[in-house]
Amino acid sequence: MSGSLYLVATPIGNLEDITLRAVRVLREADLVAAEDTRKSAQLLNHLGVKKPLLSYYQHNQKKRDAQILPLLQAGKNVALISDAGTPAISDPGGELVTQAIQAGITVIAVPGPSALLAALVTSGLDAGRFCFEGFLPRTKSARRKALAALAEEPRTMIFYEAPHRILQALEDMREFFGERRLSVGRELTKRFEETLRGTAEELITHFRAHEPRGEFVIVAAGAPQKAFFAPDDGVLSDELRELLQNGLARREAARLLGEKYGLPGKKIYALGLPKEE
Ligand code: SAM
């Protein structure tokens, strides 16, 4: 009988975010494969789990896959963990899963934290349909190309980003996503956790004043669905007036109508205002 490959999610910051099942699976596994054995040894120590650790990271995964698969086939249970969060999500593990499946080995998830879901559910953006884009390419031209391809994506989009690239990413998003709402989750579950929400422009202003530090997830609203018929200016003015009477700021009201009809917020903002000379 083959053993099973367990993909065990571990905390993304707060050490309390580990499930009872994760602790049991780690305790019962014959072997724990870990991205950074030193870091994971600290976690296992904290959990009171004593277990041999095998390093499993980007540059030795091929070699390790060839060692781990025979162990699984020989009936050993292997738990795979990454530095933080869910293995195989922008972390090593995907290839081992594919090979294990091909070899007829049972693959079992032990779900838990993942930065992308924590950022999505606190963003205030539509969590009904979303896509995860991982890290954007590092070079400007490749990043702009990737964002251009996403400009019409209707689902909420989630990106991982390094602190030293967050401003560049937001600048490129300003170009392709315009005035859409974004949310940036920083240091989620940790001491200095915060979620900043606004347009790309507003977030750029924030991060120019506050140097980006820590770990970041950017969540971006999807492209507004274009209305089948764009209403004429009279209808738009009426709707704008109604929103203003309900207490919305002109800017917010214009943005909402822009999203509703797939029209530029600036055009709607100007409706009913005296024309500039
Ligand atoms: N496997 C992990 C998961 O399930 O979330 C992701 C690993 S990926 C190498 C690391 C990236 O995830 C970071 O650069 C950051 O974008 C995001 N991340 C991880 N922990 C985070 C946290 N506590 N707060 C915000 N972002 C985090």
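Report follows, based on the coordinates. Because the structure is predicted, anything quoted here is derived from the model rather than measured.

1. A look at the environment of Ala 142
Argument step 1. Within the secondary structure, Ala 142 sits in helix H6 (residues 140-150).
Argument step 2. Assessed through its relative accessible area of 30%, Ala 142 is described here as partly exposed.
Argument step 3. In the structure, Ala 142 is positioned 88 residues away from Leu 54 in sequence and 35 Å away in space, judged by C-alpha atoms.

2. Considering the nonpolar core
Argument step 1. Within the largest apolar cluster, 21 residues are counted, with the highest numbers of intra-cluster contacts made by Met 157, Phe 159, Leu 170, Met 173, Phe 177, Leu 182 and Ile 218.
Argument step 2. Looking at this core, the elements that each hand over two or more residues are H6, strand S7 (156-161), helix H7 (166-177), strand S8 (182-186), helix H8 (200-209) and strand S10 (216-220).
Argument step 3. Of the residues forming this core, the biggest block, five residues, is contributed by H7.
Argument step 4. Leave out the neighbours within four places in its chain, and Met 157 touches Cys 131, Leu 150, Phe 177, Arg 180, Ile 218, Val 219, Ala 220, Ala 221 and Gly 222.
Argument step 5. By size, the runner-up hydrophobic cluster in this structure holds 17 residues, among which are Ala 22, Val 23, Leu 47 and Ile 81.

3. Points about the packing of aromatic side chains
Think of a pair of aromatic rings as described by two things: how far the centres are apart, and how the planes are tilted against each other in angle.
Argument step 1. Inspection of every chain in the model, using the stated rule, returns three aromatic pairs.
Argument step 2. Residues Phe 132 and Tyr 160 carry aromatic rings whose centres are separated by 4.9 Å and whose planes lie at 65 degrees to one another, so their mutual orientation is edge-to-face. Of this pair, Phe 132 sits in strand S6 (residues 130-135) while Tyr 160 sits in strand S7, placing them 28 residues apart in sequence.
Argument step 3. Given a relative accessible area of 29%, Phe 132 falls into the partly exposed group.
Argument step 4. Ring geometry for Phe 207 against Phe 216: centres 5.7 Å apart, planes inclined by 80 degrees, an arrangement best described as edge-to-face.

4. Some points on the pattern of salt bridges
Argument step 1. Applying the stated criterion to the full structure yields 19 salt bridges.
Argument step 2. Linking Arg 251 and Glu 202 is a salt bridge whose minimum nitrogen-to-oxygen distance equals 3.2 Å. In this pair, Arg 251 is assigned in helix H10 (residues 250-261) and Glu 202 in helix H8, connecting sequence segments 49 residues apart.
Argument step 3. Residue Arg 251 is classed as exposed on the basis of its relative accessible area of 54%.
Argument step 4. Judged by relative accessible area, Glu 202 falls into the partly exposed class, the value being 37%.
Argument step 5. Put simply, Glu 252 and Arg 255 hold a salt bridge, and the shortest N to O gap is 2.8 Å. Here the residue Glu 252 and the residue Arg 255 both occupy positions in helix H10, the gap between them amounting to three residues, near one helical turn.
Argument step 6. It is possible to trace a salt-bridge network through shared partners that takes in Arg 181, Glu 252, Arg 255 and Glu 259.

5. A few points about the side chain of Glu 35
Argument step 1. With respect to the helices, strands and loops of the structure, Glu 35 is situated in the loop between strand S2 (31-34) and helix H2 (37-47).
Argument step 2. At 2.9 Å, the side chain of Glu 35 forms a polar contact with the backbone nitrogen of Asp 83.
Argument step 3. Leave out the neighbours within four places in its chain, and Glu 35 touches Tyr 56, Tyr 57, Ile 81, Ser 82, Asp 83, Asp 91 and Pro 92.

6. A look at the site of the ligand
Argument step 1. For the ligand, the set of nearby residues contains 19 residues, the closest of which are Ile 89, Asp 91, Ser 114, Tyr 160 and Phe 216.
Argument step 2. A distance of 2.7 Å separates an oxygen atom of the ligand from a polar atom in the side chain of Tyr 160.
Argument step 3. Separating an oxygen atom of the ligand from a backbone N or O atom of Glu 161 is a distance of 3.4 Å.
Argument step 4. When the free accessible area of the ligand is taken as 580 Å², the share hidden by the protein chains comes to 90%.

Definitions and limits used
Residues numbered from 1 in each chain as written. Predicted model: local features only at pLDDT ≥ 70, side-chain atom pairs only at ≥ 80, totals over all residues. Heavy atoms only, no water. Helix = DSSP H or I, 4+ residues; strand = E, 2+ residues; numbered from the N terminus. Buried < 20%, exposed > 50% of the residue type's maximum accessible area, 1.4 Å probe, protein only. Core = buried A, V, L, I, M, F, W, Y, C linked by side-chain atoms within 4.5 Å. Contact = heavy atoms within 4.5 Å. Phe/Tyr/Trp six-rings, centres within 6.5 Å; stacked < 30°, edge-to-face > 60°. Salt bridge = Lys/Arg side-chain N within 4 Å of Asp/Glu carboxyl O. Polar contact = N/O pair within 3.5 Å; in protein donor to acceptor, adjacent residues only side chain to side chain. Near = heavy atom within 4 Å. Areas by Shrake-Rupley, 256 points an atom, 1.4 Å probe, with all protein chains shown as cover.

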